[in-house]
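Structure at a glance
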Amino acid sequence: MAVTISLPDGSKKEFPSEPSVLDVAKSIGPRLAKDTLGAVIDNEKDIIDLRSKIKNGTSIKIVTVKDKVSLEVIRHSAAHVMAQAVQELWPKVKVTIGPVIENGFFYDFDSPHAFTPEDLEKIEKKMQEICKKDYAVTREEWQVDEAIQTFEKMGEKYKVELIAELKNKGEKTVSIYHQGPWFDLCRGPHVQHLGQIPVMKVLSLAGAYWRGDEKREQLQRIYATAFLNEADLKKHLHELEEAKKRDHRRLGKDLGLFIFHHLAPGSPFFTPNGTVIYNELQRFLRDKYQEHNYQEVITPQIFDIDLFHQSGHYENYRENMYFSKIEERDFGCKPMNCPGHCLLYGSDHRSYRDLPWRVADFGRLHRYERSGVMHGLTRVRSFSQDDAHIFCALEQLQAEIEGFMQFLNEVYTTLGMTKYHVYLSTRPPKRMGSDEVWDKAEAALEKALKQLNIEYTVNIGDGAFYGPKLDIMFVDAINRPWQLGTLQCDFNLPQAFSLKYVGDDNAEHAPVMLHRAILGSFERFIGVYLEHTAGHLPFWLSPIQVRVLNVTDRQLDYSAHLEKELKALGIRAYLDGRNEKLGYKIREAQLLKVPYMLVIGDKEKDTDTISVRLSSGEMVNNLKKSDFFEMLEKEYRLRSLKSLIKPKQGEKV
RNA sequence: GCCCACAUAGCACAGGGGUAGUGCACACCCUUGGUAAGGGUGAGGUCGUGAGUUCAAGUCUCACUGUGGGCUCCA
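Note that this is a predicted model, so its numbers are computed, not measured.

Attention now goes to the sheet that holds strand β32 (residues 609-614). Spatially, the 5 strands line up as an open sheet ordered β30-β29-β31-β32-β33, and their pairing is mixed. With one partner strand each, in any of the chains shown, β30 (573-576) and β33 (619-624) form the two edges of the open sheet. Ignoring strand direction, the axes of neighbouring strands in this sheet form an average angle of 30°. Sheet analysis places strand β29 (residues 546-550) next to strand β31 (residues 596-600), joined by 5 bridges and oriented parallel. In the strand pairing of β31, valine 548 is matched with leucine 598.

Along the chain, threonine 552 turns up in the loop between β29 and α17 (556-568). Expressed as a C-alpha distance, the spacing of threonine 552 and leucine 562, which sit 10 residues apart in the sequence, is 15 Å.

Moving on to the nonpolar core. Counting residues in each nonpolar core, the largest one holds 78 residues, and the members touching the most others are Leu281, Leu415, Val546, Leu566, Leu598, Val612 and Phe628. Among the domains, domain 3 (289-533) and domain 4 (539-652) are the pair contributing at least three residues each to this core. Setting aside anything within four residues of it in sequence, one finds leucine 598 in contact with Val546, Arg547, Val548, Leu549, Leu562, Leu566, Ile610, Ser611, Val612 and Phe628. Formed by 40 residues, the second largest nonpolar core is a distinct cluster that contains Val81, Phe105, Ile123 and Cys186.

Of note, the bond from glycine 188 into proline 189 is cis; its omega dihedral lies within 30 degrees of zero at 0°. Mapped onto the secondary structure, proline 189 falls in the loop between β10 (182-185) and β11 (199-209). That bond from leucine 355 to proline 356 is cis: its omega, -5°, falls within 30 degrees of zero. In this fold, proline 356 is placed in the loop between α12 (338-346) and β19 (357-361). You will see that glutamate 327, though not glycine, has its phi angle at about 50°, which is positive. Within the secondary structure layout, glutamate 327 lies in the loop between β17 (323-326) and β18 (329-333). The class for glutamate 327 is exposed, based on a relative accessible area of 78%. Phi is positive for lysine 593, which is not a glycine, with a value near 60°. Note on placement: lysine 593 falls in the loop between α18 (582-591) and β31.

Time to look at the packing of helix α9 (residues 272-291) against helix α16 (residues 522-533). For the pair α9 and α16, the least separation of the axes is 11 Å and the interaxial angle reads 110°. Considering the angle they form, α9 stands roughly perpendicular to α16. Along the contact surface, α9 presents Ile277, Tyr278, Leu281 and Gln282, while α16 presents Phe522, Glu523, Phe525 and Ile526. For the contact of α9 with α16, the residue count by class is 6 nonpolar, 1 polar and 1 charged.

Let us look at the protein's contact with RNA strand B. Close to RNA strand B lie 53 residues; Gln218, Tyr317, Arg367, Ser371 and Asn579 are nearest. Counted by atom, the contact set of RNA strand B within 4 Å of the protein is 49% sugar and phosphate. Between RNA strand B and tyrosine 223 there is a distance of 3.3 Å, counted from a sugar or linking oxygen to a side-chain nitrogen or oxygen. Here a base oxygen of RNA strand B and a side-chain polar atom of arginine 379 are 2.8 Å apart. Counting residues per element, the ones that place at least two in the surface near RNA strand B are β11, β12 (218-227), α8 (248-254), α18 and α19 (602-607). The dominant element in the surface near RNA strand B, judged by the number of residues it contributes, is α18, at 7 residues.

Criteria and cut-off values
Residue numbers run consecutively from 1 along every chain, following the written order of its sequence. Whichever chain is written first becomes A and whichever ligand is written first becomes 1, with later ones labelled in order. Reporting of local features is limited, given that this is a predicted model, to residues whose pLDDT is at least 70; pairs of side-chain atoms are given and counted only at 80 or more, and all residues count toward the totals for whole chains, interfaces and linings. Only hydrogens and water are set aside; all other atoms, that is, all heavy atoms of the structure, feed into the side-chain values. DSSP bridges decide pairing: two strands pair if at least two such bridges lie between them. For the purposes of this entry, the term helix denotes a DSSP run of H or I that reaches at least four residues, the term strand denotes a run of E that reaches at least two, and both are numbered from the N terminus. The axes are straight lines fitted to the C-alpha atoms, using for helices just the contacting stretch, and the angles between their N-to-C directions are given from 0 to 180°. We call a set of buried residues a nonpolar core when its members are Ala, Val, Leu, Ile, Met, Phe, Trp, Tyr or Cys and they connect through side-chain atoms within 4.5 Å of each other. Type-normalised accessible area, obtained with a 1.4 Å probe on protein chains alone, sets the label of each residue: buried when under 20%, exposed when over 50%, and partly exposed for intermediate values. Residue ranges assigned to each domain were obtained from an automatic or database domain assignment. We call two residues in contact when some of their heavy atoms are within 4.5 Å. Working definition: roughly parallel below 35 degrees, roughly antiparallel above 145 degrees, roughly perpendicular at 65 to 115 degrees, and oblique for all remaining angles. In the scheme used here, Gly and all other residues not listed as nonpolar or charged are polar, with Ala, Val, Leu, Ile, Met, Phe, Trp, Tyr, Cys and Pro taken as nonpolar and Asp, Glu, Lys and Arg as charged. For this purpose, a residue is taken to be near a molecule or strand whenever a single non-hydrogen atom of the residue falls within 4 Å of it. For the purposes of these results, a polar contact is taken to be a pair of N or O atoms within 3.5 Å, where, inside protein, one atom must be able to donate a hydrogen and its partner to accept one; residues adjacent in sequence count only when each atom of the pair is a side-chain atom.

Here it is in structure tokens:
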């Protein structure tokens, strides 16, 4: 039966029977066929293998070595090359899986030999040797039982497990890719011959569990990458270096913002400079709470564990909590503010006129995180959130969700965080409350998002144990996603605490409780924001806003006076009056990313004017002191992202 | 918690069985210099903690703690 295939230029080609991708390419031209690595059919996302048969009526776009998307094919094959290399070097190693990931690929091995960093170089060399042999990559279809037998004989138990699973799913055959003497179970796609893999680089070593299950075998994962050319690889490695420079742990040290100590693992100490950032953020949120009709409260740190039995935290969250026994009584340190807020709500009669009742709490929380998961400021054991709970009537839910998204947007805009995405997480397996209640809560969130026309993605089973939630993923300056804000809908806690309000019908009703945070934790946020800004904080968040630099001792008194004047305006200005050259002082201030450096020489002193150097390196001279002060005050008050002091066109010293 | 690696001065690192080094930072002195490092002198470490091997341990072995890269987890 004749088969018709359409090409991207609109033309159609006929074949006597179903052709492979490569057949189609050959029919167009030998050059194209030579470079073919796969194809995209019917505008689908995934690339199909060049050996796949094409059905009648399909539209096809051939992917060649020149297309960036072919990286997926190249990396897939490179993963096989890595597995072959490893097995040639260490024949006892068992292979598992080796998928393509963003920017590269990895392969997980079960190896009696623990790989060392030196081994990585050996592996890379071996991979290059294998590629030089330029084996043709061929595909065979094997009967599942035949495949199981073959891999069993080889002792490849992981492959056997995978194939047995495919068999259970009803697969009759599996595809096997050969390259020279080596072969592997694989769905593809793969290159025609190994010489088509341009450049490879083995990157790092890690541990991983078989099938991602911590109860199963611990495997050794080797990360690597492949690119179309040396330049692209170099660019990628450069980007990795650049990302390292933004590492907030590095910046925290360099800028003197926070430290860690082995006697308080996972618990940051904020230095005076770091504390400025912390407090400025808190002040910002307090201002916003005022605007959005929230009230701040202060609640206890340590509670009788009866509270956590009542809230369900003991049953669901115990392994992450700190406990102590004092005078034969069991206490727990709060991991969240919500149970305390429920007690506060329940301490008085509430009327529908009091709702929505929005309570904010900067209380310190402690969560016992497993030792291997801590990471700088982004995963800690002691932290404080911009946490608030909204108790409202069911009918008010939608408006509150809307108000929250508005609030969040204002905060993110001020901070220059314009890219974020919303995720809706639904009921997890381990949870409290009836399915009926969960239905209601999930529906409410979804409805609100739709009404607001907010795009979102559903994460099935990712909700909190007490309710579904919205997670706001902020995407930073180098496109990494971070979970910061959250809005959690909770029908369970109000029930657990028998919370009520009296409605206009004079009957008692249960309020809905919303848990919400915009920055998430201050610790985590500061970490993320440092990486986002690469340490270049806006003026209002800068620990040192202005550094006054005298050129010689002659201007020391005048400079000290200027420092005093700025401080009187509430500006964090500091004099660097040391006996050092100006260039040296500039360099230091520059490394500390101080927004404004005031250079005070005889000229400025005699004319009472300001010469300022911005952290960008730009300079503005002969500013009237009062004008400068006014701009600083304004920039601070408005929490401006950009400097209000603009160099005049063409002006340079 | 799991796998692997690392731990030497405030920071960044070198050293590798015979009693500790460099650069920056710090202190003092000289220098008073106009936009990213002027010069000199000095102080600072029981080499993460605890055991073991050895005549001798920062160095070798083990355990623990912390940190890092991942995995798992992340309300």
